[in-house]
Amino acid sequence: MVGYIGAMPMSVPPAFTAYAVCSVILSMELLLLGALTAATRAKHQGFLNPEDRSVSRKDAEFVDGADHPDTARVQRAHRNLLESAPIFFAIGLIAVLIGASPLGVAISCGVFTAARVLHAIVYIRGLQPWRTIFFAIGTVSLVVMMGMSMYTLFTR
């Protein structure tokens, strides 16, 4: 596949498209979970910083870290993704750049992304054992990508 930067053609590694699409989806998910945290806090009429009173409802309360349980749950789902997304961004890019199996990289990226999106949904809804299952699937896909990367590095 050939992409263009300005007027200059650029060769794009075959797995890069899958990696790029998954990176965009995960980045959007991070933004959405942040926005959902704020929306859930507003729904339960709370604010974290004293200066936020000026833009909050008049009956909103200063929560000082003691968020409503619904808000705290969304925050935990968000933080959980914040822990694993940087690993995906780094390992996925490494796998693409060193030329690991394009099909393997594409599958690993897709599985990780699907697992993380589903993980956030079931986390927010409080659905076990699904939360643990999707977390494990995402983690295994990262480990597979790490293994493919190491294999590619040391066998070429």
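Right, let's walk through the structure included here. (Residues numbered from 1 in each chain as written. Predicted model: local features only at pLDDT ≥ 70, side-chain atom pairs only at ≥ 80, totals over all residues. Heavy atoms only, no water.)

## Looking at the overall build of the chain
Counted only if it meets this: Helix and strand assignments follow DSSP, with helices taken as H or I runs no shorter than four residues and strands as E runs no shorter than two, numbered in order from the N terminus. Accessible area is worked out with a 1.4 Å probe on protein chains only. A residue is then buried under 20% of its type maximum, exposed over 50%, and partly exposed in between. Two residues qualify as a contact provided that any one of their heavy atoms is within 4.5 Å of a heavy atom in the partner residue. Here the accessible surface of atoms and residues is derived via Shrake-Rupley with a 1.4 Å probe, and residues count as covered only by protein chains that are part of the display.
Regarding its fold elements, the chain presents four helices and four strands. For the chain, the α and β elements follow one another from N to C terminus as β-β-α-β-β-α-α-α. In the chain, buried positions account for 35% of the 156 residues. For the chain, long-range pairs separated by at least 24 residues make up 69% of all intrachain contacts whose partners lie at least 6 apart in sequence. Counting every atom, the chain has about 9300 Å² of accessible surface; 70% of that belongs to carbon and sulfur.

## Focus: a nonpolar patch on the surface
Stated precisely, the cut-off is as follows: Nonpolar side chains (Val, Leu, Ile, Met, Phe, Trp, Tyr) within 5 Å and like charges within 9 Å form the patches, drawn only from residues with over 30% relative accessible area and no salt bridge. In what follows, salt bridge is the name for a side-chain nitrogen of Lys or Arg lying within 4 Å of a carboxyl oxygen of Asp or Glu.
On the surface, Leu 103, Ile 107, Val 111, Leu 127, Trp 130, Ile 133 and Ile 137 cluster together into a nonpolar patch covering about 620 Å² of accessible area. Of all the secondary structure elements, the ones that give two or more residues to the nonpolar patch are helix H3 (102-125) and helix H4 (130-155). Along the chain, Ile 137 turns up in helix H4.

## Focus on the side chain of Thr 71
Tracing the chain through its elements places Thr 71 in helix H2 (residues 69-97). With relative accessibility at 1%, the residue Thr 71 sits in the buried group.

## Here's the deal with the environment of Ser 108
Mapped onto the fold, Ser 108 is located in helix H3. Given the relative accessible area of 6%, Ser 108 is considered buried. Counting along the chain gives 34 residues from Ser 108 to Leu 142, while the straight-line C-alpha distance between them is 7.1 Å. Excluding residues within four positions of it along the chain, Ser 108 makes contact with Ser 141, Val 144, Met 145 and Met 148.

## Let's talk about unusual backbone geometry
Look at the link from Gln 128 to Pro 129: it is a cis peptide, with omega at 10°. As for its position among the elements, Pro 129 is in the loop between H3 and H4.

## What about the nonpolar core?
Let me state the cut-off plainly: Residues grouped as a nonpolar core are buried Ala, Val, Leu, Ile, Met, Phe, Trp, Tyr and Cys residues, joined through side-chain atoms within 4.5 Å.
Counting 20 residues, the largest nonpolar core has Leu 81, Phe 88, Val 105, Cys 109 and Met 145 as its most contacted members. Elements with a minimum of two residues in this core: helix H1 (16-43), H2, H3 and H4. When residues in this core are grouped by element, the largest group, six residues, is from H2. Among all residues touching Leu 81, those that are not within four sequence positions of it are Leu 26, Glu 29, Leu 30, Leu 33, Pro 86 and Arg 116.

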